[in-house]
Structures are given as structure tokens and as C-alpha cells.
Amino acid sequence: MTRGRALPPRVAPDAPAVATARQSVVDWFDGRGWAPFAFQTDTWDAYLDGRSGLVNVPTGAGKTWAAWGGPLIELLAEHAVTPEPSSRRARRVDGLRVLYLSPLRAVARDIELALRAPLDALAPDIRVEGRTGDTASSLRARQRRVLPPVLVTTPESLSLLLSYDDAPARFAGLRAVIVDEWHELMGSKRGIQVELALARLRRFAPDVRTWALSATIANLDVAAKAAVGVDATPTLVQADIDRPVEIDVLLPHDVGAFPWAGHLGIEMLDPVVEWLDPDVSTLVFTNARSQAEQWAQAIVQARPSWASRVALHHGSLERADREVVEAGLKSGELTIVVCTSSLDLGVDFGPVDRVMQIGSPRGVARLLQRAGRSGHRPGATSRITCVPTHGVELLEIAAIREAVERGDIEGRLELAHPLDVLTQHLVTCALGGGFTPDGLLDEVRTAWAYRNLTASDFSWALELVTEGGKTLRAYDEYRKVEPVDGRFVVPREPVARLHRMNIGTIISDPSVTIAFRGGRSLGTVEERFVARMKPGDRFVFAGRVLELVRFSGVRAVVKAAKGRSNHVPRWGGGRLPISDPVSRALRRYVAEARVGAATGPEREAVQPLLDVQLAMSDLPDRDELLVETTETRDGWHLFVFPFEGWLVHEGLAALIALRASRVAPSTFTMSSNDYGFELVAADPYPFADVVNHALFTTDDLDADIAEAVHVAELQRRQFRVVSRVAMLVPQNRPGKQKGMKYLQTSSDLLFDVFKDYDPDNLLLAQAEREVYEQHFERDRLAAALERIADHEIRFVTTERPSPLAFPLVIERVRARVSSETLAQRLARLRGV
DNA sequence: GACCTGCTGCGGGATG
């Protein structure tokens, strides 16, 4: 439902100046081999028509230039191609016209540099500048006074700009906003913050047009609406560009000896180093930072002569060192870079020749993103070689390829009006010129995520930042915003400063810096990793073997050590479950393997393992749920295999355990992975009598989950995020070291206060909602239960854990015991 | 027969 008016075109597309400008732009791009693509012209026309929208382009197809065409034409038409002959001054553009948002500041820098070339050639008077957190302070000071005609920046820096009191005037002349990598931003609180900022910009500059650039996702229509807001009807431009993807798999030499479980995949070292070529630039993606460290080390140990050509890149390495690696890749000095998602997005190192993925990419979009790093230009074929780390992953990779071929790609989750982001935004707006409540509520509701925001929720958030809400009114620091002559503003400078220091929605835990004695920093690790070590202990980090010299709490001093070490830091981080499209394809492939209908190298390779599974147990047909029971010295086991991803399985395991114990009381321990989950009872348990469809009902789902899982504890943890985004607990304070203890106790304290004295606090409710949505993937869990309701339960009793069940046993045992005893436990298990 | 995990991203302003 839109309630907009048609925006009048600011530049008539058929005007002579526009035609001339268009020709100049086309000529310039043609001269550099950037022939205008069909979709560019569509976008340019839509832009010049005054419309907003979204351009859907495969990764690496030149979408940046596609989006710049329209604004360039307009800038040229107005200010360069037809200058006032009498006065050079008339050609100068004063104030901001075009804003480009990139989620990565490194990319923002690259775009800024790249855009200077056409502007210098076509309209030297039009300045382009970047602005991010590391922009030189002299330039930032100048930008405080006047913004350049073209500004390239990050979402957080835009919010900062909106927090200055002259924001309305500074953005009044804005004509275009381009939002890059919109598929990455939307569905996260960063994206929501962008939506709020765009709503504000549209208020300051009513004719501004927004063009979002997105890779393919399932819900592009929603992405487009979120980008343009509710007052406009988005134009969706589909790039007419073919970007074929080829997915190879590196098979193990001896398929029979391939492990049933595991993630590291180091058994594949030989085939991998045989496949790698030190003269061919290659990105080797892994799923975890510790895995990247181990693979980089293993590759160099296997091929010492490659040492100078192999490098490591992940998010815990010192930023400067990462930039050196990116530069080395660009110059060709480095050819093999082992990395994590840190190189997923467009750091401009130029195209690499090959991409390898160790372990399942778990999702279609992620595979396409990484494959897109190769042959990074329009029309080229992307190639990716997947390396499975255990048997079933062979099937998973084949399933992902099938999902790619069918175009079955993931959507992005929509977040419904998160009040922590809104709370932060209210203070930003109060700083940036102030607001009236009614006016701001109307404005906020034009943001897609807040279109259904109730007046009472808005008032609640407003009361929180003005009065500290119900419970915090006694404390001055929560009374940030005050009405002055009818406008809500921030009168106190210290409040303003603290707010600006904390703008943004990215929450990260403090960590320990690893540095040489001379002071050079190598990156960061988690505190608990260093805390367990004593001086003299060795470990591998940043691709080197290091020895701990001393540890002071926030800083660990190290020196280079000789020899080897197997001690590698682990970092906490998200672990992605296999996505919905992958689940669907995987279930189909499992069913086909059951009747031996598998074709293709991977599926043939994994068939021996599945034959063992068939011999020991069974495989589920498409309308079946496989359930196994067995008995070991550990106890009485139940294994269930819905193939829905580990998050859903965690919720399901707790749910089924609760419901089973209502039928026949017992205590269970649980484990889960992407394929299924396990319940174990220490005493004999009648699983065969208890497990039936009644356990899988969606009736009372939320209530049962709340009872089965300690939701309050998860909610408390989630509230740490919510309270920091809402800036009830600022991460940074002037002159103060941010400490984990401080952040956690402050947040926990607030949580307890709210629970006791303000149980209806909306931020508490939001933390709870986020637990259900994100921790349990509630909607997917419910859908899984509905699917299972129609399925037949295929119940099998096995003598020992089957190939599908065994990894769940490992998972559970690993969580409880040290590594020495794990080996013993597994040996014992083998003997059963 | 089988094995030991878990991503990324941003960010003040004045002063010396």
C-alpha cells in the first residue's frame, strides 16, 4: 500500500543537456571497456524519470558502475556539460547531491577512488570524497562545515552525519542515494538503521531517489520495498547478465576411508595441495578462523617452497596485515590466500582465478557469493571447487549444486520494528536538529520495517530516552532527550558525545590483543584462550608459531618460536545451519540414495557410506522421518533425522525430550547437528512406545519450548545485545577502557531490574522475540513440525550407532569430556 | 569403519 505522490522528474530525460551528458558518460565507459549493459540504460532511464528502486545483479557483474550512470548523467547535465558561459562559478556544485553507502569502509575507499576517474575526466569541478571512521580528521572537520557533491560512506557514518544539528540543511539538496550490497544489510539491524536514515533523508530532501544494489535473494520484492520506503513504488531492474557458475568437488583419494564426521577436512590435504598451483591466484575459503589457521599452516608444511606465496586472512588478524595480504593478492605477489568470510565481499583486489571452499558452504547464496570472487567481471563464468570434510557433505554439496541449478535461493529474514534501533535513532534525531513526536512518528512509519509501528510503542521508546522509562527515571544518564520549545533535543554535550561514540548496531566482545615485545600487534584472540596458557607455551596464530611471554589481561606479549605447534586459538562466532533450500535438496537426495538412484560423481562417491547406513539402519523416503534407537554403555539412545539444520534440531531435541518425559518420565542428554538430533537416557527407556506423531505436534509450541529450554537465560544473553544497541549500556566511554565484565554486569543488572519492576518493558519482550526468531528459527521449526505431521515415522532399532548417528554421539561426548577421555570413550564405544 | 569447531561488519572530537 503506497500513499505517495508521483515524484516529478528533476531532469527531463529528453532535454538536450541530458542527451549530451548521457553520450559523454556512454563514451567514457565505452572507452574503458565498460560497455553499457542493457540494465544500465534501464536503471539510468528509471533514475532520470525520478523513480527509486532496486537493481538485481549477480555478484561481480559491474553493478557499481551500472548504478552510477544515472547520477553521473544528472550531475553532468546540470553542472558541466552546459556551463553558464558567463560565469565559471555557476559550474560549482555546492552541497551534497549524491550519497553512496557501502557496508565496508574499504570498499567505500575503493569506490571513491574509482569514481574520481570519470568525474575528473567529465566534470573536474565535481568533488567526490569518502567519509568513514578512519578519514583524516582535517577532512572530517571540513566535512563538518560542508559536504562534497558526491559522498561515499558507511551506514554508521551516515547516522553520525544525521546527528549534527545542521543535518536538515546539509542534506536538503540531496538528489540520489545508492545503497550497495543491500542484500547483506537488509534483515540485520544495520539494514534497519539504514532504513531509518533513508526515511530521514527523504524528509530533508523530498525528491531524493534511492537505488539499492542487490545480489539475487528469494524475497527481492521485499528488499526493494525496504530500500525505497512505503511512500514510493519501487522499480525492480533485472540485470540481463548471464553469470554461469560451475561447481566442482574434489574427491578424496580413498572414498572408503573418508570420515563419517568432522569438520576440519585435513585428510584432504594431499588432494588439495595437488590441486593448488602457486602460479594461479586462488582464494581458499574455510568456515572458521581456526580452520583457516590450520589449513594455512598445513599447506605451507606440505609445500615449504610455497611459503612466500601463501597467506592467511580472517577477521581477528590485525587490519593493517590484512590490507597487506589484499595488496599482495592484487599485485600477484601472493597467490594462495586461505580466508574466512572476511573476503566474501568486494575488497577490490581484482579477480582471482580460482576459488576453493573447504567444508560445506551451507547455503546457496553463500556459495554463489564465494564463487563470484572468481572471474569477477560481466559475462565470465564463476568457478568454485568444494572440498568435503566428511561423507555426508559430499551429498550436501551435490544438493547445493542442484539448488543453484533450480534457482532455489535463500531469502533474507525481515526484522519487525526493533525498538532498540529505534531508541538509538530517536537520540540521533534529537541531536540532528530535533523533532516533534508526531512528525517523527509519521516519518519513522515510512520506513518499511516500522510501517506497522504503533503509537504506543513509539511513545514508549520516546519515554525511555526522555525519562528513562518506568524504572530508570532516577538516573540522570538515561534522560538524554528533552523538549525545548516543543522540539525534542539533546541539551547536554556529554550526552551527545557519548551517543556519537556509540552509534551503530554492531556488537562485539572485547578481546585480548596479541603483540610482539616491540609493540607490533598481530590481532586478537578470546580471553579464555590466553587465560589457560602460561608463559613459554606455544601456539599458532596469524600463520606463525608464537610463544607467550606474558599476559596482562587485555594484552598478551609474544615472541616468535621455532618448531611446530598444534595449539590453535578458537573464536566464538556464528555457526550457520544448512539453509532451507539446502535442506530440501538434501532430503530429496537422501531419498534417492535409498533406492540407488544417485547419479553424479559426489553421490556415487558417498554411496558406499550410505550403503553402510542402509545395511545398519535405513534411509528415509521423501515422505518419511527416520528415527533410530540403539543401546550402548552410554545409555538408551534416540536419533531423529529431519535434515533441517542444527538450530532447528536444538529446539526440536529439547521439545521432544520434554514431551517424551511427560509420557514416560526420564532425564535426557541431547546433541544435534545439521542432519538430526540425539536424546540419551541413562536408564532403559521405551522410545519405541513413546515416539509417535503426538510428540511432533505444533500445539502449544511456544509454551513447550519455553518450558523445555531455559529461555530466560537465553533472553538475558540476547538482552546484552539489545541493551547495547539501545545504548542503555554504552560500549565505549571517553577515556575508559571497555571491559567485558562492566558491559555484562551492567546489562545483567538492568535485565534483573526490568524483570522485577518493569516486566512489560518492551526491550525485554524484544530480546525474547529475538531468541525465538534467531536462536530457534521458530518459523522454520514450526514448518518442520508441520511437514513431519504428514510423514510416516520409519522406526529402526540398530545394534550400534549408524553412520548418520555416530557424529551425534561424537558431538555430545565432545561437549562433556576432555580430549584424552574422548579417545577412550570412543574406543569403548567401538567395542560395544 | 568412525574423532576433537564454529563468520563478518562500524564507530567522537578537540588538542598537542
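Residues numbered from 1 in each chain as written. Chains lettered and ligands numbered in written order. Predicted model: local features only at pLDDT ≥ 70, side-chain atom pairs only at ≥ 80, totals over all residues. Heavy atoms only, no water.

Enquirer: Tell me about the nonpolar core, and name the residues and values.
Expert: Ile-299, Ile-514 and Phe-541 are the most contacted members of the largest nonpolar core, which has 90 residues in total. Here the element with the most residues in this core is helix H15 (residues 391–406); it accounts for nine residues. When near neighbours in sequence (up to four residues on either side) are disregarded, Ile-299 contacts Leu-269, Val-273, Leu-276, Trp-306, Val-310 and Val-338. Val-427, Phe-458, Tyr-478 and Val-725 belong to the second-largest nonpolar core, a separate cluster that totals 45 residues. (Core = buried A, V, L, I, M, F, W, Y, C linked by side-chain atoms within 4.5 Å. Buried < 20%, exposed > 50% of the residue type's maximum accessible area, 1.4 Å probe, protein only. Helix = DSSP H or I, 4+ residues; strand = E, 2+ residues; numbered from the N terminus. Contact = heavy atoms within 4.5 Å.)

Enquirer: Report on the confidence of the model for chain A, specifying residues and quantitative values.
Expert: With 91% of its residues at a pLDDT of 70 or more, chain A has an overall mean of 86. Across chain A, the secondary-structure element scoring lowest on mean pLDDT is helix H31 (residues 819–831), at 53, and the one scoring highest is helix H17 (residues 437–445), at 98. Residue range residues 1–9 is modelled with pLDDT below 50. Its contacts to residues more than four positions away, or to other chains, number 19 contacts. Every residue in residues 81–90 is under pLDDT 50, and counting partners more than four places away or in other chains gives eleven contacts. (pLDDT = per-residue confidence, 0-100.)

Enquirer: Explain the state of the cysteines residue by residue, including any values.
Expert: A covalent bond between the sulfur atoms of two cysteines is what we call a disulfide. Scanning the entire structure with this criterion turns up zero disulfides. Left unpaired, Cys-386 is separated from the closest cysteine sulfur, that of Cys-339, by 14 Å. Given the relative accessible area of 0%, Cys-386 is considered buried. (Disulfide = S-S within 2.5 Å.)

Enquirer: An account of the pairing of strand E16 (residues 512–516) is requested, with residue identities and associated values reported.
Expert: Among the five residues of E16, four are classified as buried, and the element is accordingly described as predominantly covered. Across four bridges, the pairing between E16 and strand E17 (residues 521–525) is antiparallel. Its bridge partner lying in E17, Ile-514 is registered against Gly-523. Once E16 ends, the chain turns through four residues before running back antiparallel as E17, passing Gly-519 with a positive phi of about 110 degrees. Two strands pair when backbone bridges link them, and E16 and strand E20 (residues 555–560) are joined in this way by four bridges, in the parallel orientation. Opposite Phe-516, over in E20, you have Val-558 as the bridge partner. (Pairing = 2+ DSSP bridges.)

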